[in-house]
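Chain by chain, the residues run as shown.
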Amino acid sequence: MRARIWGCRGSLPTPGEDTLRYGGNTSCVELELADGTLVVLDAGSGFRALGQQVASENPRPIHLCLTHLHLDHIEGLGFFAPIWRKETELHIWGPPSPVRGIQARVARYFSPPLFPMQLADVPAQLHFHDAPTRGWRIGSASIHADRVSHPGPTLGYRIEEDGAVLSYIPDHEPGLGRDLRRREPDWISGYDLAFGADVLIHDAQYSEAEYVSKLGWGHSSIADAVAFARVAGVKQLVLVHHDPLHADEDVDALGERAAELWGDEGTPPRPGFEGLELEL
C-alpha cells in the first residue's frame, strides 16, 4: 500500500508564500493498493490536483472515503476532472445519518447557488454508500470505519492490507481537556482505529497554548495528538489538518514539539506535507 498526501491543511485552503513547504490544500490522501485499486481519503481542495493525474490514466473504479461532510473535506468534488466523464465509476463512502443519506447530503453542495451544476448533471457513474458499521473490503484491503469525536457525524478509517495498517483520523478531539494517558482505552475516541497502526495520519491543528481557547472545537492539540498515538501504540505519526493561520515556520515548531513529546523511542512524528509519500 502506498499513500500520498494531496492536501493536509485544515478548515480553509491557504495558498501563498507562507505555506509553500507544507501546502495550502485541504484534506485529501491517495492510497494505491497492491492490486492497483485506487482509494481516496477525503475530497478537499487537494482532490482537484489528484483528478488531473487520474484523468490522464486509463479509467478504473475509484473509491472515495469521506470522513465527514464539512466543506474542507468535500470542496474538491466538483473540480475532480474524472467525474465529468461518463466512463468514470466513482464509489463514495461516508458517515451514515438518521436524517439524510450520503447522496442527499452531497447533493446540497452540488446545487446553485453553492455550485453551478447539480448532482444530476454529473455524467460519471456515481455510487453512494453509507460506511458499514462492520468492516468491508475494497480491492485487496479491508476497511473499518468508526465514529470519532468531532462535530457532526464524523468517521475515522483503518485500512489493512497484507499485515500493514494505515489509520486516517484528520479531524479529531480525543482529549477534550483530559489526560489521555490516564484514561482506559475503551473510553478513548478512535482508539480501535489507531491501535498498533504502522502509520497514523492525525489531526494536530493547535499548539498547547492555542488549544486552551479551542476546547470542544473538534480538533487536537499537538500534545493530545502525540498522547493519542502513544496510547494506541502507533509506529509512525503524521501530523495533519494544519491551521489556516499557521505559516510553514509555525508547523515546523509544532513538529519539533511533537518530537520532543514523543521521546527517543521509535520514529519521531512528522508534519504532513503535499507530496509526502508513505510506503507500507
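Up top is the structure.
Residues numbered from 1 in each chain as written. Predicted model: local features only at pLDDT ≥ 70, side-chain atom pairs only at ≥ 80, totals over all residues. Heavy atoms only, no water.

S.K.: Would you take a moment to explain the overall build of the protein for this structure?
M.R.: In terms of helices and strands, the protein carries 6 helices and 14 strands. Since a compact globule built from 280 residues should have a radius of gyration of about 19 Å, the 18 Å found for the protein is in line with a globular shape. With the C-alpha coordinates aligned to their principal axes, the bounding extent of the protein is approximately 50 × 40 × 35 Å. In the protein, which comprises 280 residues, the share counted as buried stands at 54%. Contacts in the protein between residues at least 24 apart in sequence constitute 68% of all its contacts with a sequence separation of at least 6. Carbon and sulfur atoms provide 51% of the accessible area of the protein, an area that totals close to 12200 Å². The protein carries 24 positive and 40 negative side-chain charges, and their two centres are separated by 5 Å. (Helix = DSSP H or I, 4+ residues; strand = E, 2+ residues; numbered from the N terminus. Rg over C-alpha atoms; globule rule 2.2 N^0.38 Å. Buried < 20%, exposed > 50% of the residue type's maximum accessible area, 1.4 Å probe, protein only. Contact = heavy atoms within 4.5 Å. Areas by Shrake-Rupley, 256 points an atom, 1.4 Å probe, with all protein chains shown as cover. Lys, Arg positive; Asp, Glu negative; His and termini not counted. Charge placed at Lys NZ, Arg CZ, Asp CG, Glu CD.)

S.K.: What is the right way to read the sheet that holds strand 6 (residues 125–130) from this model?
M.R.: Taken in spatial order, the 7 strands make up an open sheet running 6-5-4-3-2-1-14, and their pairing is mixed. Of all strands in the sheet, those with a lone pairing partner are strand 6 and strand 14 (277–279), marking the two edges. The sheet shows a mean angle of 20° between the axes of neighbouring strands, taken without regard to direction. As judged from the 5 bridges shared by strand 1 (residues 2–7) and strand 2 (residues 28–32), these two strands associate in the antiparallel manner. Bridging across to strand 2, Ile 5 finds its partner in Val 29. Docked against the sheet, helix 2 (residues 102–109) engages strand 5 (89–94) and strand 6, running at close to 125° with respect to strand 6. (Pairing = 2+ DSSP bridges. Axes fitted to C-alpha atoms, helices over the stretch in contact; angles between N-to-C directions.)

S.K.: How should the side chain of Thr 37 be read in this particular structure?
M.R.: With respect to the secondary-structure elements, Thr 37 resides in the loop between strand 2 and strand 3 (38–41). Classification of Thr 37 as buried rests on a relative accessible area of 16%. Reaching out from Thr 37, the side chain makes a polar contact with the side chain of Asp 35 at a distance of 2.8 Å. Setting aside residues up to four positions removed in sequence, Thr 37 forms contacts with Leu 31, Glu 32, Arg 60, His 63, Ile 138 and Gly 139. (Polar contact = N/O pair within 3.5 Å; in protein donor to acceptor, adjacent residues only side chain to side chain.)

S.K.: How should I be thinking about the pairing of strand 6 in this particular structure?
M.R.: Strand residues, when the strand is regular, have side chains that alternate between the two faces of the sheet. Direction of pairing for strand 5 relative to strand 6: parallel, over a ladder of 6 bridges. In the strand pairing of strand 6, Ile 92 is matched with Phe 128. Handedness of the strand 5-helix 2-strand 6 crossover: right-handed. (Right-handed = clockwise from strand over helix to strand, strands pointing away.)

S.K.: Would you explain helix 6 (residues 248–262) in this entry?
M.R.: Every α-helix winds through 3.6 residues per turn, so residues three or four apart in the chain are directed the same way. Its 15 residues give helix 6 an end-to-end C-alpha distance of 21 Å, which sits within 8% of 21 Å, the value for a rise of 1.5 Å per residue. Listed in full, the buried residues belonging to helix 6 are Asp 248, Val 251, Leu 254, Gly 255, Ala 258 and Trp 262. The buried residues of helix 6 occupy an angular sector of 120° when projected down its axis, which confines them to one face. Exposed side chains of helix 6 directed beyond 90 degrees from the buried face belong to Glu 249, Glu 256 and Glu 260. (Expected span 1.5 Å × (residues − 1). Arc of directions from axis to C-beta.)

S.K.: Sorry if this is basic, but what is going on with the packing of aromatic side chains here?
M.R.: Within a pair of aromatic rings, the relevant descriptors are the distance that separates the centres and the angle that separates the planes. Counted by the stated rule, this structure contains 7 aromatic pairs. Aromatic side chains Phe 110 and Phe 115 sit 5.2 Å apart centroid to centroid with 70° between the ring planes, which places their arrangement in the edge-to-face category. With a relative accessible area of 3%, Phe 110 lands in the buried category. Members of the aromatic cluster, connected to one another through ring pairs, are Phe 79, Tyr 109, Phe 110 and Phe 115. For Arg 4, the ring lying beneath its charged end belongs to Trp 6, and the centroid distance is 4.3 Å. (Phe/Tyr/Trp six-rings, centres within 6.5 Å; stacked < 30°, edge-to-face > 60°. Lys NZ or Arg CZ within 6 Å of the ring centre and 35° of its normal.)

S.K.: Sorry if this is basic, but what is going on with the pattern of salt bridges here?
M.R.: Pairing between side chains of opposite charge can happen when the charged atoms of each approach one another. The final tally for this structure, using the stated rule, is 12 salt bridges. With a closest N to O distance of 3.9 Å, Lys 235 and Asp 198 form a salt bridge. One end of the pair, Lys 235, is in the loop between helix 5 (222–231) and strand 12 (236–240); the other, Asp 198, is in the loop between helix 3 (191–194) and strand 11 (199–203), and 37 residues separate them in sequence. Taking relative accessible area as the criterion, Asp 198 reaches 23% and is therefore assigned partly exposed. A network of salt bridges, in which partner residues are shared, links Arg 2, Glu 30, Glu 32, Glu 57, Arg 60 and Glu 277. (Salt bridge = Lys/Arg side-chain N within 4 Å of Asp/Glu carboxyl O.)

S.K.: Teacher, can you tell me more about helix 5 here?
M.R.: Counted residue by residue, helix 5 has 7 buried out of 10 residues, so it is predominantly covered. Considered for burial, the residues of helix 5 that qualify are Ile 222, Asp 224, Ala 225, Val 226, Ala 227, Phe 228 and Ala 229. Residues of helix 5 that are buried in the fold lie against strand 10 (164–169), helix 3, strand 11, helix 4 (208–211), strand 12 and helix 6. Just past helix 5, the residue Gly 233 takes up positive phi, approximately 70°.

S.K.: Just checking my understanding: could you explain the nonpolar core for this structure?
M.R.: Side chains that are nonpolar tend, in soluble globular proteins, to be buried together. Leu 31, Leu 41, Tyr 157, Ile 159, Leu 166 and Ile 201 are the most contacted members of the largest nonpolar core, which totals 28 residues. If we skip the residues at most four places from it in the chain, Ile 159 touches Met 1, Leu 31, Leu 41, Ala 141, Ser 142, Ile 143, Ala 164, Val 165 and Leu 166. Counting residues in each nonpolar core, the second largest holds 26 residues, with Phe 47, Ile 74, Leu 90 and Phe 115 among its members. (Core = buried A, V, L, I, M, F, W, Y, C linked by side-chain atoms within 4.5 Å.)

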